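What follows is the residue order along each chain.
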Amino acid sequence: MVWALIVATLVAWFIASSFRIGPQLAIGIVVPVAFLFPAWLIVPVFEGARDSIVGTGPDIKVTVGSCCLILYCFMPGATFPLKFVPSDIAMLSLIVIHIISDFTNAEPNWLMLGRAYAEWYMPYVAGRLAMQSRDVAFQLARIMMIAGMLIALTAIIESSLDWNLFELMFGNRPIEGSSRDAERWGVQRAYGPTMHPIYFGVLQLLLLGWGGYPLLKAIHRRAKWGWVLTPVPLMLGVAATGSRGPILGVVASGVAGLFCFAPKLRVWIGGGLITLAGLGIANQEAILDQMERWSGERQHEILIDGELRKTSSVRTRVNLLEVNKIALKRSGWLGFGSQAVAGFPINVPLGPAEVETLKRVKFIDNTYVLITLRFGYLGVLAFLVAALVSLAQFLWVGDHYRGGRVQWLSGCLGAATFGALLVQATVWMPHEVGFPLVWSFGLSASLLVAHLQGKLSA
């Protein structure tokens, strides 16, 4: 069985690497390698979302990550950074809210605890253990940069030659709400190891931070000049997905990087972003029209509150709040629980008019809206706090090492995470995106604890 062979190989790799290079670096390497395997490699053991294999059983990343966390406790040289930092509190709050919401809204069962563990606790803790010292952080950066380059290469190959290397090696992905092939701008969209091109785009966007680090090293003459080209294939890989959100996320990451590395410009950058946001709201219709022309989309009409409105793939994201406003009001402090939003259209109490509208706008392409419906106001607040605090931790650590490699690495990771969080306003967060994103939250905590313990100093 392919699934068992991959899991056994990765777990054996972790054990062998723990003895050779230490369990901290070993878990830092093996867990992200696990989430780069195809999302469709799952052992189905129970019923998941409607018309989907997702959530029907343990996949590669959850199984390998869980095994690594357990084995880590018994490895010689393992350390346990128990010092609490702000993101720890936010993530623990989110986990508690998740469990209470699910137990309140459905018949309690042990799978609810397992889901909270796999979705939030396990990837966060795996990231939190990954960068406990300066040397480990820099070694992991080199390996993740190589991994990002290889993944980007598969995207470029798929877009250019229509060869999905992951499907060739591990079998075809199931078709779930998307065609076997999709094109945009006259080129094939790359799916990679994910179920949709936009998920692949967000995954590569998160990996882009690791490619920005050698660029800064080269600019500051700490590496050969050829490394300035490192981000190029990574950006081409994002472009190969044909997904507008991740492409714009790359731009946002660049701005965030400038914010990190140019403290004197932060007020100007912040003011400029607020101004751009205001102009965007004032010229929303023109921007939406331009976005539709950019991707060649066709408009159609839907009925919202008795009013006919134009919609398209782009406009759906804007119309989400209006379409779901009744459900958002009814979600309350704890939401409707995971079971109610396990598939699309979501199963929440709505009036007959809203139900008819949701038949045409059934996907909740906004992580923050979906978390509100799922876990209520407390849940989305906890997630937002965890996200913002993680960004602040990346920035805070970097500011203590200005002009050095720790700042470059911390700033690049924070900038990529910022870009990915913006993109979450245009897509829901499947586990193939949520896992590496939450893992990145853990990395910020890992760096902060290492700094507080004096382990990032030269």
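Residues numbered from 1 in each chain as written. Predicted model: local features only at pLDDT ≥ 70, side-chain atom pairs only at ≥ 80, totals over all residues. Heavy atoms only, no water.

K.L.:
I keep staring at the environment of methionine 131 and nothing clicks. Help me out?
P.N.:
Its place among the elements puts methionine 131 in the loop between α5 (110-128) and α6 (134-161). A relative accessible area of 0% places methionine 131 in the buried class. Residues methionine 131 and alanine 141 lie ten residues apart in sequence; the distance between their C-alpha atoms is 9.7 Å. Dropping the residues within four chain positions of it, methionine 131 is found in contact with Val136, Ala137, Leu140, Trp210, Leu409, Leu413, Leu443, Ser446, Leu447 and Ala450. (Helix = DSSP H or I, 4+ residues; strand = E, 2+ residues; numbered from the N terminus. Buried < 20%, exposed > 50% of the residue type's maximum accessible area, 1.4 Å probe, protein only. Contact = heavy atoms within 4.5 Å.)

K.L.:
Looking at this structure, I do not really get unusual backbone geometry. What am I missing?
P.N.:
When glycine is set aside, most residues are seen to have a negative phi, and most peptide bonds are trans. Despite not being glycine, aspartate 162 shows a phi value in the positive range, around 60°. Tracing the sequence through the fold places aspartate 162 in the loop between α6 and α7 (165-170). Unlike most non-glycine residues, arginine 221 shows phi in positive territory, near 60°. Secondary-structure assignment places arginine 221 in the loop between α8 (197-219) and α9 (231-240). Arginine 221 sits in the exposed class, given a relative accessible area of 73%.

K.L.:
I tried to follow the nonpolar core on my own but got confused; where do I start?
P.N.:
Taken as a class, soluble globular proteins show a tendency for nonpolar side chains to be buried jointly. Core analysis: the largest hydrophobic core is formed by 105 residues, its most contacted members being Ile60, Trp120, Met131, Trp210, Phe383, Leu409 and Phe441. Counting residues in each nonpolar core, the second largest holds eleven residues, with Leu328, Phe336, Val369 and Leu373 among its members. (Core = buried A, V, L, I, M, F, W, Y, C linked by side-chain atoms within 4.5 Å.)

K.L.:
In this structure, what is going on with the pattern of salt bridges? I would like to understand it.
P.N.:
Per the counting criterion, the structure on display carries seven salt bridges. One salt bridge connects arginine 173 with glutamate 167, and the closest N-O pair in it is separated by 3.9 Å. Looking at arginine 173, the relative accessible area reads 2%, which means it is buried. The salt bridge involving arginine 402 is made with aspartate 399; its shortest N-O contact spans 3.8 Å. The class for arginine 402 is exposed, based on a relative accessible area of 51%. (Salt bridge = Lys/Arg side-chain N within 4 Å of Asp/Glu carboxyl O.)

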